[in-house]
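The primary structure of each chain is shown beneath.
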Amino acid sequence: MDKFLLDIFGNELIKDLIIPIPLFAFVIVFALYAVLAERKISAFMQNRPGPNRVGGRTGILQPIVDALKLLQKEMVLPDRADKWLYWIAPFVVFLGTLMGFAIIPFSSIYVGVDLNIGLFYFFAVTSISIMGMLMGGWSSNNKYSLYGSMRSVAQIVSYEIPTALAALNVVMIAGTLSMQKFSEMQAGGIQNWFILGGPGGLSKVILIPFLVTAALILFISTLAEANRTPFDLVEADSEIVAGVHLEYAGMQMVMFLFAEYAQMFAVSGVLVTLFLGGWQSPFGEAVPFLNTPWMQFVWFIGKGLFFVFVMIWLRWTLPRLRVDQLMGLCWKYLIPIAMVCIFAVGLYLVL
Amino acid sequence: MKVYFKNIYQAISSILIGMSITFRHMFQKKVTIMYPEQKLQLPERERNRLFVNIDDCIGCDQCAKACPVSCIDIETIKAVPGDIVGKTGTTSQGKKKALFVPKFTIDLAKCCYCQLCVFPCPTECIYMTDVFEFSTFKRTDLLYEFTDMTPEQAIEKRKKADEYAIEQAKKKELAAKEAAEKKAAAPKPDNNQKKES
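Residues numbered from 1 in each chain as written. Chains lettered and ligands numbered in written order. Predicted model: local features only at pLDDT ≥ 70, side-chain atom pairs only at ≥ 80, totals over all residues.

Caption draft 1: Local environment of the nonpolar core. Within the largest apolar cluster, 90 residues are counted, with the highest numbers of intra-cluster contacts made by Ala262, Leu271 and Phe275 of chain A. Other than its neighbours up to four places away in sequence, Phe275 of chain A contacts Val170, Trp193, Phe194, Ile195, Leu211 and Ala215 of chain A. Of all hydrophobic cores here, the second largest spans 19 residues; its members include Leu50, Val52, Ile58 and Ile126 of chain B. (Core = buried A, V, L, I, M, F, W, Y, C linked by C-beta atoms within 7 Å. Buried ≥ 20, exposed ≤ 12 C-beta atoms within 10 Å, placed from the backbone. Contact = placed C-beta atoms within 7 Å.)

Below you can see the structure in the form of structure tokens.
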């Protein structure tokens, strides 16, 4: 892709400007339609038809209508709010999420930028959105917003640890941090995916339970980082009204929403890349036409959307955790178990 | 340590049970009734908007008297002999109508849907319909007029009735006078004497 664009435009700068455009378009369209999917799936789970007025029975135009409505709304500045921080906060939140997309490998020919420290970059950059949350909560001059942002910071900072520990298992096996390399190493079908021990001899079977556990821990902790139910203590409508979002209206509210939904796909993308073969087809080279660069997009986005679906599914199944339960889950369960996994994988690699 | 693993097992199993339930619900039949397009069948004895079949009304005013919130307003005019009330002069059950009804209004903004006006009606001309969607933007739009007479007709009939009443009154007066004269001419009846004694 890089080379192709370089051939067309013959200029590094133009190439760099063009590469993120499809990424950005994908994030926006995904975030819009994830809202519709969320509403539809929640409706189906509650035996309702869901949005079905705009665009036929499927409500396919609903996100566009919603976006237009929200665009028309006034942007409200609360009295005695910290003006600068208040205006910037939603963009910081969205920026952190969007920057995370840069290293997500959609296909062997398309990745925003193939950093050699891709995974590290992802964990570093997605933490920026916490800063946005804290800014928004603090500057709103509202106690509920502040509660929400404080919870958010406590939650996300603690859940960074199990996330990193779970990801470390794969990093140890692969010996790299580049997202594109992770995907390439898992070539050759489902048996070579890292959740099933990665490429290697028969002895890798020992690793499977530990890697499955690590994948589960990564899923749970990234779910918490995306502030989704059952870890949506930041918003917690029934306890602290809407947390950080409380004072925001119109487009700024949309930025927060977009950030949440984009984050859902970003963390699913990382999970898929690390454990489920990234853009690799599950059939490997046996069915070559399913492993072309364009089919790789389908595989990657399909796998990502599956995890987004699981997140939505969980949201409409589970109730919210209490703050102490949240911390207990992180420090008492996820971190020790992730440690055990790391220990086991390390032992295997050394021996 | 035992509790620790038990907790993990319980958490995972209960989450899986919950997820299977919600997944099953995704493919079940929807329970929503799409209201404006789709309506529930009303119960058998529902009480909704009132309707008056003015052809059968004899203007007896019993419904207005029964109404606890006095939302029914009726005016009547006596019919002159030889005048036909309504189209046929009788109700559908063959009862003779002796009163014109130039005004029969029901203020449904006041109505409490108690159905007490329905039972006293001798001709069963006032009854509940199955219409329940009649919200309006103005409160005055809820004042329903049921009469079939135009105001001009009403004025005409009233005039006639008044004239007839005056005529009758005159006749009565005359008759009374005649009777008085007769009384004066005739000897006093016996019963008066009995009372005195």
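Caption draft 2: Here's a closer look at the packing of helix α3 (residues 20-45) of chain A against helix α12 (residues 250-275) of chain A. Residues and elements named next belong to chain A. Axis separation between α3 and α12 bottoms out at 9 Å; the angle between their running directions is 100°. Our classification of the angle between α3 and α12 gives roughly perpendicular. Along the contact surface, α3 presents Val27, Phe30, Ala31, Ala34 and Val35, while α12 presents Leu257, Phe258, Tyr261, Ala262, Met264 and Phe265. The residue makeup of the contact of α3 with α12, split by class, is 11 nonpolar, no polar and no charged. (Axes fitted to C-alpha atoms, helices over the stretch in contact; angles between N-to-C directions. Helix = DSSP H or I, 4+ residues; strand = E, 2+ residues; numbered from the N terminus. Parallel < 35°, antiparallel > 145°, perpendicular 65-115°, else oblique. Nonpolar A, V, L, I, M, F, W, Y, C, P; charged D, E, K, R; others polar.)

Caption draft 3: Quick look at the sheet that holds strand β5 (residues 143-145) of chain B. All names here are of chain B. In space, the 3 strands of this open sheet follow the order β2-β3-β5, with antiparallel pairing throughout. The open sheet terminates on both sides in strands that have one partner only, identified here as β2 (72-78) and β5. Between one strand and the next, the sheet's axes are offset by a mean angle of 15°, whatever the strand orientation. Two elements, β2 and strand β3 (residues 99-107), share 6 bridges in a ladder whose sense is antiparallel. Its bridge partner being in β3, Ile74 is matched across the sheet by Phe104. (Pairing = 2+ DSSP bridges.)

Caption draft 4: Quick peek at unusual backbone geometry. One non-glycine residue with positive phi stands out, namely Asn141 of chain A, at about 60°. Along the chain, the position of Asn141 of chain A falls in the loop between α7 (128-139) and α8 (143-174). Its identity is not glycine, yet Glu124 of chain B carries a phi of approximately 55°, on the positive side. Relative to the helices and strands, Glu124 of chain B resides in the loop between β3 and β4 (126-128). A count of 13 C-beta atoms within 10 Å places Glu124 of chain B in the partly exposed class.

Caption draft 5: View of the environment of Ala43 of chain A. Residue and element names in this part refer to chain A. Residue position: Ala43 is located in helix α3. Once the C-alpha coordinates of Ala43 and Trp316 are considered, the two residues, 273 residues apart in sequence, prove to be 9.4 Å apart. Setting aside residues up to four positions removed in sequence, Ala43 forms contacts with Arg48, Pro49 and Gly50.

Caption draft 6: Structural view of helix α10 (residues 208-225) of chain A. Residue and element names in this part refer to chain A. Given a rise of 1.5 Å per residue, 18 residues ought to cover 26 Å, and the 25 Å separating the end C-alpha atoms of α10 matches this to within 8%. Of all 18 residues that make up α10, 13 are buried, and the element is covered over most of its length. Count one or two residues on from α10 and you reach Asn227, which has phi positive near 55°. (Expected span 1.5 Å × (residues − 1).)

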